[in-house]
Amino acid sequence: MTDMTNAASLAVIGPGVPDAQGRLIELDDAISKIRTQIATADLARQRGQKPIDPDWFHRARTALRHLSRERAELLAQGTSRRPRETFKDALIGVLRDRHDPESWDNLLAEARERVKGEGL
């Protein structure tokens with residue numbers, strides 16, 4: 001369960017964060033917690049010559065694998081797109097609908113020239 005005093009958890013609860021983006025934040029937080037626990041257990045093992053409990057290690061690695069898989073699936077669905085990119089795509093769609101093919105080609109040529117001139 002996510003600790004509600006964690007800053008990432010509070011960001012997820014905050015207004016304006018889409019559900020999928022919020023879930024990505026939760027997943028990233030959980031993944032980093034598991035990695036930290038594994039690293040801490042390994043340091044304790046090195047320092048005290050105590051072996052890591054293999055059952056615990058297997059559960060931690062399995063949880064890490066499942067969380068990483070869920071994160072990859074969310075990213076594959078396109079949840080990582082930024083709102084600005086979505087807006088740009090919508091704006092291009094609107095402008096394309098309002099212009100005939102010839103004027104649209106002229107607009108594209110002008111935009112390409114601007115990109116060349118600005119070194120983008």
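Residues numbered from 1 in each chain as written. Predicted model: local features only at pLDDT ≥ 70, side-chain atom pairs only at ≥ 80, totals over all residues. Heavy atoms only, no water.

Tell me about the nonpolar core, and please be specific about residues and values.
Ranked by size, the top nonpolar core spans nine residues in total: Leu24, Leu27, Ile31, Ile34, Ile38, Ala60, Leu64, Leu67 and Leu74. Of all the elements in the fold, those that place two or more residues in this core are α2 (19–48) and α3 (54–76). A total of five residues in this core trace back to one element, the largest contributor, which is α2. In this structure Leu67 touches Leu27, Ala30, Ile31 and Ile34, once residues within four positions along its chain are discounted. (Core = buried A, V, L, I, M, F, W, Y, C linked by side-chain atoms within 4.5 Å. Buried < 20%, exposed > 50% of the residue type's maximum accessible area, 1.4 Å probe, protein only. Helix = DSSP H or I, 4+ residues; strand = E, 2+ residues; numbered from the N terminus. Contact = heavy atoms within 4.5 Å.)

Tell me what's going on with the pattern of salt bridges, and back it up with residues and numbers.
Counting across every chain of the model gives seven salt bridges. Residue Glu26 is joined to Arg23 by a salt bridge in which the shortest nitrogen-to-oxygen separation is 3.1 Å. Placement of the pair is Glu26 and Arg23 together in helix α2, with a separation of three residues, close to one helical turn. Assessed through its relative accessible area of 26%, Glu26 is described here as partly exposed. Its relative accessible area of 29% is what places Arg23 among the partly exposed residues. Two residues, Arg45 and Asp42, come together in a salt bridge whose shortest N-O distance is 2.7 Å. Taken together, the residues Arg45 and Asp42, both in helix α2 and three residues apart, mark about one turn of the helix. Residue Arg45 is classed as partly exposed on the basis of its relative accessible area, which comes to 33%. The class for Asp42 is partly exposed, based on a relative accessible area of 25%. What you see here is one network of salt bridges that share partners, running through Arg23, Glu26 and Glu70. (Salt bridge = Lys/Arg side-chain N within 4 Å of Asp/Glu carboxyl O.)

Go over α2, please, and point to the residues and values.
Across its 30 residues, α2 extends 43 Å between first and last C-alpha, which sits within 8% of the 44 Å expected from 1.5 Å per residue. If you check which residues of α2 are buried, you get Gly22, Leu24, Leu27, Asp29, Ile31, Ile34, Ile38 and Ala41. Just downstream of α2, Gln49 is the residue with a positive phi angle, here 55 degrees. (Expected span 1.5 Å × (residues − 1).)

If you had to explain a nonpolar patch on the surface to someone new, which residues and values would you point to?
Residues Phe87, Leu91 and Leu95 make up a contiguous nonpolar surface patch of roughly 280 Å² in combined accessible area. In this structure, Leu91 sits in helix α4 (residues 83–98). By relative accessible area, which is 40% here, Leu91 ends up partly exposed. (Patch = residues over 30% accessible without salt bridge, like charges linked within 9 Å, V, L, I, M, F, W, Y side chains within 5 Å. Areas by Shrake-Rupley, 256 points an atom, 1.4 Å probe, with all protein chains shown as cover.)

Run through the confidence of the model for the chain, naming residues and quoting values.
Here the chain averages 83 in pLDDT, while 81% of its residues score no lower than 70. At the low end of the mean pLDDT range in the chain sits helix α1 (residues 7–13), at 53; at the high end sits α3, at 93. (pLDDT = per-residue confidence, 0-100.)

Before we move on, could you go through the packing of α2 against α3 and cite the residues and values that matter?
Remark: α2 packs on α3, axes separated minimally by 10 Å, with the N-to-C direction vectors making an angle of 155 degrees. With respect to α3, the axis of α2 lies roughly antiparallel. At the point where α2 passes α3, the crossing takes the left-handed sense. Every residue of α3 that contacts α2 at Ala20, Arg23, Leu24, Leu27, Asp28, Ala30, Ile31, Ile34, Arg35, Gln37, Ile38 and Ala41 is listed here: Trp56, Phe57, Ala60, Arg61, Ala63, Leu64, Leu67, Ser68, Glu70, Arg71, Leu74 and Leu75. (Axes fitted to C-alpha atoms, helices over the stretch in contact; angles between N-to-C directions. Parallel < 35°, antiparallel > 145°, perpendicular 65-115°, else oblique. Left-handed = near helix turned anticlockwise from the far one by under 90°.)

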